[in-house]
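What follows is the residue order along each chain.
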Amino acid sequence: MGRLSALFDPETVAVVGATDRDGAVGRAIVENLRDEFVGEVVPINPKRDEILGLECYSAVSSAPPIDLAVVVVPPDIVIESIQDIAEAGTKNVVVITAGFSETGSEGAKRERRLREIATEYDLNVVGPNSLGIMSTPNDMNASFGPETALEGSISFMSQSGAFITAVLDWANEQEIGFQDVVSLGNKAVLDETDFIREWGADAETDVIIGYLEGIDNGDEFIRAARDVTDETPIVLVKSGRTDAGAQAASSHTGAIAGSERAYKAGLEQAGVIRANSVQELFDYARALSGLSEPDSDGVAVVTNAGGPGVLTTDAVGDVRLEMADFTDETIDALSEAMPDEANIYNPIDAIGDADADRFGEALDIALADPNVGSAVVVSAPTAVLEYDTLAETVIEKRAEHETPVVTCLMGGQRARAAEEVLREFGIPNYFDPARAVAGLDALARYRNIRDQTVDEPERFDVDHERAREILERAADRDDNRLGVESMDLLEAYGIPTPDGEIVDDPERACEVAERIDGDVVMKIVSPDISHKSDIGGVKVGVADADVYDAYEDLVARARNYQPDATILGVQVQELVDLDVATETIVGMNRDPQFGPLLLFGLGGIFVEILEDTSVRVAPIGERDAREMIDEIRAAPLLRGARGREPADIEEVIETIQRLSQLVTDFPAILELDINPLVAGPDGVQAIDLRLTVDTETL
């Protein structure tokens, strides 16, 4: 165990605010602890000498040494109580009391003070506004929930206390057990990352599951989860999906990469298996807590009913697994062992009169096939099939072949006893074939997570000071936005840009155009005009003789469109040949939870319409950058589809990594777009840039 071991394995637990008053939370916690806990329970209440048969103390400081204090006093005396707890030397505290940041400014002030005391005394604090905690090895229910968890190997955290009470009621009925249970509450001190680290170090926890409404420190969470998932799978339900963050964004990247995409990317990079429902959460957890990962994605299905067999096959097609392709030897063995009416191809239909022996023979042959990584046994109840015997057969064959097997023994009470036997040997039974397949899919996904290596981000040689000087220009702006006038920022980080210059008079525009070989592109430069093309603020293929007039026309269009806009000038830029290149976008939006969220995709004027993009949380290495390219639908365009000359993919990958370094080096960059980043056979060039800077954090 880690630094929180005493939180879950105390010898003495104090209930601060204990009472014997009917219906009080303080009474419920004392009763839960008194009835089961193997250690000593110490009530704390200055107005009582005894509570429910237990000696009561006026304060923690006057009680025997306390390992864990559960605080359930009124909000206005919580801080005083925690100060007393800290000074008495108790390090582990669970604050049940509500009335903190969830209630407004006064509560938020109280929560800040709680955090200050915790920092000063190095306290481990769960809550406030928590249901409490449980740990089954020592029968500790330090909560006011009506149910105590059964013992098991799943550790469970939830940001909702009500969710815990509902889950435990259901889990006890399903005989699903837990190691530790934590109601996170407001997460003033300890959060999801702390418990992931703790349970990752706990040999008795096989699976970590959770219900979260938000993640406080996304980058720290990703690092911790990556370490833990090398040995322990993590399955989470994340609620509270919202596009509010995207609606407030001013860049293309911000508009496309909303909060939900940040969570999706962050959890995937963390190696977390995400469930979309409570049912999925436990379907995955049951498989992960009892079975090993499959060697391959091939699934064998053995059934006595054609319809359920087809349903199972469809379910396999809906996930990342595949129906195993049996070898000729397997087909021959099944042909010899099964009745003539049976289907010996996958799914194996042993037909309706199959008994446990026939099921066992079919399963034995299937599991011996080298193309089979896992199996599902799907059975409808019949008069000739004893589920108890079938369960024993499945347990035996799974042990012989050391291959993950799940069952779908369809039916009600008839399947209950067999289900209990299977559970004892770590084999989950599901009523629905699709859920059984989902359990196997979770095993395969976890195998892929463990096999995946995380490459360290490359550190490029860049001009950090020059970049800072350019970003500081935002302090002189009314809206702290920078545009193409700051292209030098990209050059400072080694991202190629076309030859060009921003000028503020037509004669200088002509001089720059003459210096550039061939026709030029001219664009209005204004921090107040985002979509320059929409107002005719871009001219492509301007000959030297037409530059003067083009300059005047661009400025006039901008002033007519928005008279109060700040016009910085006109950019005169080398014309890039788009006939042999692809317009892409590389950008970043700083997510409140996960930090810099990188985006790559098909760019140009249709970026927000097509939304063909992929995202990652920075910093990233070469593998993630390459995967970002592979994930977009337009990837074949970059790789040379339909006779096109392939773009320099390695240059695109390097550009994504350089941008990752830039936005990681400068947390003050809130949003950034390079659109388009033109990718062609000869490399990449950043054509346009805009970004938003928090000048106070530079």
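Calculation notes
Residues numbered from 1 in each chain as written. Predicted model: local features only at pLDDT ≥ 70, side-chain atom pairs only at ≥ 80, totals over all residues. Heavy atoms only, no water. Pairing = 2+ DSSP bridges. Helix = DSSP H or I, 4+ residues; strand = E, 2+ residues; numbered from the N terminus. Axes fitted to C-alpha atoms, helices over the stretch in contact; angles between N-to-C directions. Expected span 1.5 Å × (residues − 1). Buried < 20%, exposed > 50% of the residue type's maximum accessible area, 1.4 Å probe, protein only. Core = buried A, V, L, I, M, F, W, Y, C linked by side-chain atoms within 4.5 Å. Contact = heavy atoms within 4.5 Å. Phe/Tyr/Trp six-rings, centres within 6.5 Å; stacked < 30°, edge-to-face > 60°.

S.K.: Explain the sheet that holds strand 6 (residues 92–95) here, please?
M.R.: As a general point, the strands of a sheet are linked pairwise by backbone hydrogen bonds and lie either parallel or antiparallel. The five strands are arranged 2-1-5-6-7 in an open sheet whose pairing can be described as parallel. Strands at the two margins of the open sheet, each flanked by one partner only, are strand 2 (40–44) and strand 7 (124–126). In this sheet, adjacent strand axes meet at a mean angle of 20 degrees when their direction is disregarded. Pairing of strand 1 (residues 12–16) with strand 5 (residues 68–71), which is carried by four bridges, proceeds in the parallel orientation. Bridge pairing in strand 5 places Val-15 opposite Val-70.

S.K.: Which parts of the structure should I look at to understand helix 25 (residues 649–665)?
M.R.: Residues spaced three or four apart along an α-helix point in a common direction, a consequence of the helix completing one turn every 3.6 residues. With 17 residues, helix 25 extends 24 Å from end C-alpha to end C-alpha; this agrees with the ideal 24 Å at 1.5 Å per step. Along helix 25, the positions that sit buried rather than exposed are Ile-649, Val-652, Ile-653, Thr-655, Ile-656, Gln-657, Arg-658, Leu-659, Ser-660, Gln-661, Leu-662 and Val-663.

S.K.: Any chance you could explain the nonpolar core here in plain terms?
M.R.: The nonpolar side chains of soluble globular proteins are, as a tendency, buried together. Of all hydrophobic cores here, the largest spans 82 residues; its most connected members are Phe-178, Ile-209, Val-235, Leu-288, Phe-326 and Leu-390. Per element, the largest residue contribution to this core is nine residues, and it comes from helix 17 (residues 433–451). Contacts of Val-235, omitting those with residues within four sequence positions, involve Val-207, Ile-208, Ile-209, Gly-210, Ile-273, Ala-275, Leu-281, Tyr-284 and Leu-288. The next biggest cluster of nonpolar side chains, apart from the first, holds 52 residues, and it includes Leu-33, Phe-195, Trp-199 and Ile-234.

S.K.: In this structure, what is going on with the packing of aromatic side chains? I would like to understand it.
M.R.: Given two aromatic rings, their pairing is described by the distance between the two centres and the angle made by the two planes. Within the structure shown, the criterion is met by eleven aromatic pairs. On the numbers, 5.1 Å between centres and 85 degrees between planes, the contact of Tyr-263 with Phe-594 is edge-to-face. Separated by 331 residues along the polypeptide, Tyr-263 in helix 10 (residues 259–269) and Phe-594 in the loop between strand 25 (582–591) and strand 26 (595–602) bring together distant segments of the chain. Taking relative accessible area as the criterion, Tyr-263 reaches 3% and is therefore assigned buried. An angle of 70 degrees between the planes, with centres 6.4 Å apart, marks the rings of Tyr-493 and Phe-666 as edge-to-face. Placement of the pair is Tyr-493 in the loop between helix 19 (488–492) and strand 21 (500–503) and Phe-666 in the loop between helix 25 and strand 28 (669–680), with a sequence separation of 173 residues. Look at Tyr-493 and you get buried, because its relative accessible area is 0%.

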